[in-house]
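Residue-level structure breakdown
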Amino acid sequence: MDRRKLETLRKRYGGDTNRVFDPKFQKVVDFQFNAAGERKKPYAGLPTLLDAPIAESLDGLDIALIGVPMDLGVTNRSGARFGPRAVRNMERVGPYHHALDLLPFAKRRCADVGDVPFRSRFDLGASIEDIETYYHAVIDAGVVPLSVGGDHSITYPILKAVGRDAPVGCIHIDAHCDTSGPYEGAKFQHGAPFRHAVLDGVLDPERTIQIGIRGSAEFLWEFSYESGMTVIHAETFAEMGVAAVIEKTRTVVGDGPVYVSLDVDGIDPAYAPGTGTPEVGGLTPLEVQTLFRACADLAVVGGDVVEIAPQYDATSNTAHLGAQMLFEILAMMSYD
């Protein structure tokens, strides 16, 4: 060992305080620690999405973190209504994004504004209306919504608000395309939000890419192909590789406004077992993170993480993964 180098390190780092000398890292320290060198305990206080501050109104916010605890549209296992609460209980996700060298909460005014209020716990149609009404108010306030579901049916009314002035593109990570027609007499369900959004003119199918698709429901997704969506199946993703999928994604969505929607079943159930319709053979968390980080400079105008059903999540891995992906989308919204 170089003794002189050791002595230099001892003089610089051997004291009783945890000093940071790199100005880039000092900004992170200043954000997280108070003057006494204390940091907020991750297990104390009221839990919020990504440990964000609580806000009772949208005033002054750039980004609103919103819970949408509704799962009346599921076709298999229920329980995603508990997703927002499970994600709020996840600690130590963020606040620093090392890959993008970004502190989202220092760049944007963000807060957890609570959950969408629902008139009924039984009526899916009324719940869809309640979500749309709530998100119109968010857009009216000039705030970008970042949501935690709930099942994937919540994305349709959100898109009706986000894309009301002009249709948006979409990066959609999922095991399923979610573009089916009415199912057993039900127009609204979690297998159809993107079909409805296209037909309502709020989602541009030719600027929409669906990634990670697999499983036995392929026969339901004809609308994706007929409308011009780009569909990348999980096996095709593996053949192409992450870099090629990133290039394709950027080409498809272009420079216009884009919505990011992540169904946790798009990720392999080895990593995300706590969901209602798991499909083996999915993406890895790192693959999704790499994709999102490479698209951070896009014009992200909204996003969601859906289908976390914590009662099937014995280790809390799915909720933790959901929180991390929520943070990745927040970083995309905050990057410039």
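Shown above is the structure to which this text applies.
Here the structure is a predicted model, which means the values were calculated and not measured.

1. Digging into the side chain of H196
Note on placement: H196 falls in helix α7 (residues 193–199). The exposure class of H196 is buried, given its relative accessible area of 8%. Here K187 takes part through its backbone oxygen, which lies 2.7 Å from a polar atom of the side chain of H196. Filtering out sequence-adjacent residues up to four positions away, H196 remains in contact with Y156, K187 and F188.

2. Overview of the sheet that holds strand β1 (residues 63–68)
With respect to topology, eight strands assemble into an open sheet ordered β2-β1-β3-β8-β7-β4-β5-β6, the strand pairing being parallel. The open sheet has two free edges, formed respectively by β2 (110–115) and β6 (230–233), since each of these has just one partner strand. Within this sheet the neighbouring strands show an average axis-to-axis angle of 15°, counted without direction. Lying over the sheet, helix α6 (residues 155–162) contacts β3 (144–149), β4 (168–173), β5 (203–213), β7 (257–263) and β8 (299–306), oriented at roughly 170° with respect to β7. Contacts from helix α11 (residues 285–294) reach β4, β5 and β7 within the one sheet, and its direction differs from that of β4 by about 160°.

3. A look at the environment of S153
Relative to the helices and strands, S153 is located in the loop between β3 and α6. Overall, the relative accessible area of 2% leaves S153 in the buried class. Ignoring anything within four residues of it in the chain, the contact list for S153 reads M70, G73, L124, I128, Q189, H190 and P193. A polar atom in the side chain of S153 sits 2.4 Å from the side chain of D151.

4. Some remarks on the packing of α11 against helix α12 (residues 317–334)
Two numbers describe how α11 lies on α12: the axes approach to 9 Å, and their chain directions differ by 10°. One element, α11, and the other, α12, form an angle in the roughly parallel class. Residues P285, V288, Q289, F292 and R293 of α11 form the contact with α12, whose own contacting residues are L321, Q324, M325, E328, I329 and M332. Per-class residue counts for the contact of α11 with α12 are seven nonpolar, two polar and two charged.

5. Describing the nonpolar core
Core analysis: the largest hydrophobic core is formed by 52 residues, its most contacted members being I171, I173, F292 and L326. Of all the elements, α12 adds the most residues to this core, at eleven residues. Beyond its immediate stretch of four places on either side in the chain, F292 contacts I171, I173, V260, M325, E328, I329 and M332.

Scoring rules and cut-offs
- Residues numbered from 1 in each chain as written.
- Predicted model: local features only at pLDDT ≥ 70, side-chain atom pairs only at ≥ 80, totals over all residues.
- Heavy atoms only, no water.
- Helix = DSSP H or I, 4+ residues; strand = E, 2+ residues; numbered from the N terminus.
- Buried < 20%, exposed > 50% of the residue type's maximum accessible area, 1.4 Å probe, protein only.
- Polar contact = N/O pair within 3.5 Å; in protein donor to acceptor, adjacent residues only side chain to side chain.
- Contact = heavy atoms within 4.5 Å.
- Pairing = 2+ DSSP bridges.
- Axes fitted to C-alpha atoms, helices over the stretch in contact; angles between N-to-C directions.
- Parallel < 35°, antiparallel > 145°, perpendicular 65-115°, else oblique.
- Nonpolar A, V, L, I, M, F, W, Y, C, P; charged D, E, K, R; others polar.
- Core = buried A, V, L, I, M, F, W, Y, C linked by side-chain atoms within 4.5 Å.

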